[in-house]
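Letter by letter, the chains look like this.
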Amino acid sequence: MNTMNVMDRTLETKTTKIAARDVNVYYGDTHAIKDVNVKIEANTVTAFIGPSGCGKSTFLRCLNRMNDTIDICRVTGDILLDGEDIYDKRVDPVQLRAKVGMVFQKPNPFPKSIFDNVSYGPRIHGLARNKAELEEIVEKSLRRAAIWEEVKDRLDAPGTGLSGGQQQRLCIARAIATEPEVLLMDEPCSALDPIATAQVEELIDELRASYSVVIVTHSMQQAARVSQKTAFFHLGNLVEFGPTGQIFTNPEDPRTESYITGRIG
Amino acid sequence: MVEQHITSAFDRDLEAVQAQIMKMGGLVEAAIIDSARALETRDEELAQKVRAGDAAIDGLAEMINEDAARVIAIRAPAAVDLRLVLSVMKIAGNLERIGDYAKNIAKRTGVLIQGHDTSESAAALRRMAREVELMLKDALDSYIQRDVELAADVIARDTEVDQMYNALFREFLTHMMEDPRNITPCMHLHFIAKNIERMGDHVTSISEELIYLVTGNRPEDERPKADTTSSIQQEV
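Residues numbered from 1 in each chain as written. Chains lettered and ligands numbered in written order. Predicted model: local features only at pLDDT ≥ 70, side-chain atom pairs only at ≥ 80, totals over all residues.

1. Concerning the overall build of chain B
A count of helices and strands for chain B gives six helices and zero strands. If you list the helices and strands of chain B from N to C, you get α-α-α-α-α-α. In terms of overall dimensions, chain B is globule-like: its C-alpha atoms have a radius of gyration of 19 Å, near the 18 Å expected for 236 residues. For chain B, the share of sequence-separated contacts (at least 6 apart) that also reach a separation of at least 24 residues comes to 82%. (Helix = DSSP H or I, 4+ residues; strand = E, 2+ residues; numbered from the N terminus. Rg over C-alpha atoms; globule rule 2.2 N^0.38 Å. Contact = placed C-beta atoms within 7 Å.)

2. A short note on the sheet that holds strand β5 (residues 84-85) of chain A
All names here are of chain A. Taken in spatial order, the four strands make up an open sheet running β2-β1-β4-β5, and their pairing is antiparallel. One side of each edge strand has no neighbouring strand; the edge strands of this open sheet are β2 (30-41) and β5. In terms of strand pairing, strand β4 (residues 73-81) meets β5 through two bridges, oriented antiparallel. In the sheet register, Leu80 faces β5, and the bridge partner there is Asp85. (Pairing = 2+ DSSP bridges.)

3. Some details on the interface of chain A and chain B
It is common to give the size of an interface as the accessible area that goes away when the parts come together. Taken residue by residue, the interface counts 14 residues in chain A and 14 residues in chain B. Ranked by residues supplied to the side of chain A that touches chain B, first place goes to helix α11 (residues 254-260) of chain A with three residues. Its residues assigned to classes, the side of chain A that touches chain B shows five nonpolar, seven polar and two charged. (Nonpolar A, V, L, I, M, F, W, Y, C, P; charged D, E, K, R; others polar.)

4. Notes on the sheet that holds strand β8 (residues 212-216) of chain A
Each strand in a sheet pairs with its neighbour through backbone hydrogen bonds, running either in the same direction (parallel) or in the opposite one (antiparallel). Residue and element names in this part refer to chain A. Overall, mixed pairing links the six strands, which are arranged β6-β7-β8-β3-β9-β10 in an open sheet. Of all strands in the sheet, those with a lone pairing partner are β6 (100-103) and β10 (237-243), marking the two edges. Neighbour to neighbour, the strand axes of the sheet diverge by 20° on average, direction disregarded. Looking at chain direction, β6 and strand β7 (residues 182-186) are connected through four bridges and run parallel. (Axes fitted to C-alpha atoms, helices over the stretch in contact; angles between N-to-C directions.)

5. Examining the confidence of the model for chain B
Per-residue pLDDT for chain B averages 93, and the proportion of residues at 70 or more is 98%. What the predictor reports for the complex is a pTM of 0.81 with an ipTM of 0.70. (pLDDT = per-residue confidence, 0-100.)

What follows is the structure, encoded as structure tokens:
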């Protein structure tokens, strides 16, 4: 990826994929997200950065209703995917998560074969009519996740037997097998070595051609490298949102400046 | 400065590289003053000192660039820290060029004091050099104090230097037309004047770096340009 172009690429006009309006999240009495308004653009990598506990992961999990699984969690405001409210009663969260996929911090392959890990989603969503089509989806997904060459001869081997970096790419293959429109990534490289990290970053850049990618990362350098837009969260507030090049050279808010330059603030 | 970094070694690195800029700035200020004084007082020894002293200035510039590269590699500076590292690299380049001009003045002085009477112009050149040296002093002060207003004032003052240069340019032209034997000394004196005028431009660049460092934006106004000599035509 050519970082010289980071500024230029953000100048392209993009359509809004996800629009969040006045989003508030409460865990019981704790007010975790405060009046967040943000637009996630199509074919763009958006990075969420901020200190631990700032709400960036919480907000990410709102985007595919992963917070539904937490009883005390309450979400208010609107989150629109292509203009449709994802918190509408008629929306099936399982269908939503097929469209808005997620990759987690720790690689979490199912205790099944590599093939089954990738084919599970397409199978339950009925995306393949027969075995040949399913095999095609599995190969395509593994290729796009840049792991096909490494696993094509052992698709029956357990996914848990792969190295950490391979497992994470397997999880990415699993996430993209259902052809999601948005891919949410919560610290996808924090358990990976630098080489695997570089491979995942390269992959993220390629995925941008087809999807919107939202990535939560503690690595400021990673945010600067992979994203076109950066959002800085602090104490539940979205402090600053803008082109990544600008956030990292000349942020507007002093809190953003303090954080990205590694100062106490 | 604003708050400290969590990694205190980062602060020490940035302070060290800025201290080197100040040291370099001190040497360059002295080179400006000494080169002009050597010309006015026809002091070959002082001119020789200026010529010899340029190596130290070049050495510091190299050191600053190496240290800045190391900070970029190790600390991956962002935002104001990135602008700081970029600015010290550019300022080191500006100071290095000013040092080269002073050295060139000292070289020409060596030629001029062998038989040419330069007393009339030397005083004007020294006033011009003095003005540039004061501008540099203020530019460096504004840098350390992050004083955008003072930096803007320095930029504005470059107009006076340009005007001094215009006046000298016309004067030298007149002397050369009066008597062809004046051509050799006047050519040297003209290059000296031009060197000092260019020094002023580099000081202006240093002030612009400070404005960029503090605000994140380059100054919007066009630089004041009062050097009109490029369009002067002489009737023969």
